[in-house]
Amino acid sequence: MKLILLGAPGAGKGTVAKLLTKLDGSVQISTGDILRGAVRAKTDLGKEAEGYMNRGDLVPDSLIMGIMEHRLQEDDCKGGFLLDGFPRTIPQAEELTQLLTKLGIKLDMVANIDVPRDVIFDRLCTRRTCENPDCQAIYNTKSNPTKVEGICDACGSPAVQRADETEEAIGHRLDTYNEKTAPLASFYEKQGLLETIVGTSSDIVVNAIKKKLGI
Ligand code: AMP
């Protein structure tokens, strides 16, 4: 399947993407994960992106398009892909449309995951992520805590609050989403690709997507 997962930070795009990859071998492409990897590896891209990310601002479109133009042409995308966190602005969406046309790729659907802001805010403030890049297990201090506080159950590395998951950064990320990314819903509605799914449970969202795709 070739999907865009649209939705605010914390709407569950990453969880839904991981569940969908198990269905047909499509790959999850998360620009956030790619950027965090670059920050850890201290590459030029990472050094440029880090300040924007820690403040909860979007990284410039030109950097993102450079990453995605390359990524979408890698071999593993031939079997399908789930775009998680991209596109995030109208210019990115317009450039993506051109890129997909150039590559002869047709999207199946843009799934817009709609979750109330208060649910998202609470989810992100209480989220903890394993800082081991090979693990990156996700916990929640309320609904899914680690057995030992601050330590990943799976690999024993520290499970920490991401720099962009403080209350201040989260508020800013959600405002940025409303201003810059929410307009993509009508952009894709006009193209007849949009399916809005209201749901706080990833299983409900996955089932709705399967139904719409007829799988
Ligand atoms: P995410 O994990 O998707 O919430 O992304 C974390 C951060 O990476 C965002 O707050 C942005 O700073 C940056 N980022 C990820 N994807 C994009 C994108 N498509 N455009 C601009 N910035 C992005």
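Residues numbered from 1 in each chain as written. Predicted model: local features only at pLDDT ≥ 70, side-chain atom pairs only at ≥ 80, totals over all residues. Heavy atoms only, no water.

1. Some thoughts on the UniProt feature "binding site: Zn(2+)" (unreviewed entry) in the protein
- Mapped onto the present numbering, the UniProt feature "binding site: Zn(2+)" (unreviewed entry) falls on Cys 130, Cys 135, Cys 152 and Cys 155. In terms of the greatest pairwise C-alpha distance, the residues named above, spread along 26 residues, form a tight cluster of at most 9.0 Å across.
- Structurally, Cys 135 is set in the loop between strand S5 (127-130) and strand S6 (138-140).
- Given the relative accessible area of 26%, Cys 135 is considered partly exposed.
- Along the chain, the position of Cys 155 falls in the loop between S6 and strand S7 (159-160).
- Ignoring any residue separated from it by four or fewer positions in sequence, one finds Cys 155 in contact with Cys 130, Asn 132 and Cys 135. (UniProt positions renumbered as here; feature names shortened; annotations may be inferred. Helix = DSSP H or I, 4+ residues; strand = E, 2+ residues; numbered from the N terminus. Buried < 20%, exposed > 50% of the residue type's maximum accessible area, 1.4 Å probe, protein only. Contact = heavy atoms within 4.5 Å.)

2. Considerations on the site of the ligand
- Within the structure, the ligand sits among 16 residues, and Thr 31, Arg 36, Asp 57, Gly 85 and Gln 92 are positioned closest to it.
- Gly 85 is positioned with one of its backbone polar atoms (N or O) 2.9 Å from a nitrogen atom of the ligand.
- Bound to the protein, the ligand loses 95% of the 480 Å² it would expose on its own.
- In terms of residue class, the shell around the ligand is built from 6 nonpolar, 4 polar and 6 charged. (Near = heavy atom within 4 Å. Polar contact = N/O pair within 3.5 Å; in protein donor to acceptor, adjacent residues only side chain to side chain. Areas by Shrake-Rupley, 256 points an atom, 1.4 Å probe, with all protein chains shown as cover. Nonpolar A, V, L, I, M, F, W, Y, C, P; charged D, E, K, R; others polar.)

3. Notes on the UniProt feature "binding site: AMP" (unreviewed entry) in the protein
- UniProt tags Thr 31, Arg 36, Asp 57, Leu 58, Val 59, Gly 85, Phe 86, Pro 87, Arg 88, Gln 92, Arg 162 and Arg 173 as "binding site: AMP" (unreviewed entry). Of the residues just listed, which span 143 residues, the most distant C-alpha pair is 25.1 Å apart, and they do not cluster in one region.
- Tracing the backbone through its elements, the reader meets Asp 57 in the loop between helix H3 (44-55) and helix H4 (61-71).
- The partly exposed category is assigned to Asp 57, whose relative accessible area is 27%.
- Apart from residues lying up to four places away in sequence, Asp 57 is in contact with Tyr 52 and His 172.
- Counting through the fold element by element, Arg 173 comes out in helix H7 (residues 167-181).
- Those residues within four positions of Arg 173 in sequence are excluded, and the remaining contacts are Pro 9, Gly 56, Leu 124, Arg 162, Asp 164 and Glu 165.

4. Some words on the sheet that holds S5
- Across the sheet, which stays open at both edges, the 3 strands sit in the order S6-S5-S7 with antiparallel pairing between neighbours. Strands with a single pairing partner mark the edges of an open sheet, and in this sheet they are S6 and S7.
- Pairing analysis gives 2 bridges linking S5 to S7, with the strands arranged antiparallel. Following the sheet pairing, Cys 130 is matched in S7 by Ala 159. (Pairing = 2+ DSSP bridges.)

5. With respect to the pattern of salt bridges
- Evaluated as defined, the whole model comprises 13 salt bridges.
- Residues Arg 55 and Asp 57 are paired through a salt bridge, measuring 3.1 Å at the closest nitrogen-oxygen approach.
- Looking at Arg 55, the relative accessible area reads 47%, which means it is partly exposed. (Salt bridge = Lys/Arg side-chain N within 4 Å of Asp/Glu carboxyl O.)

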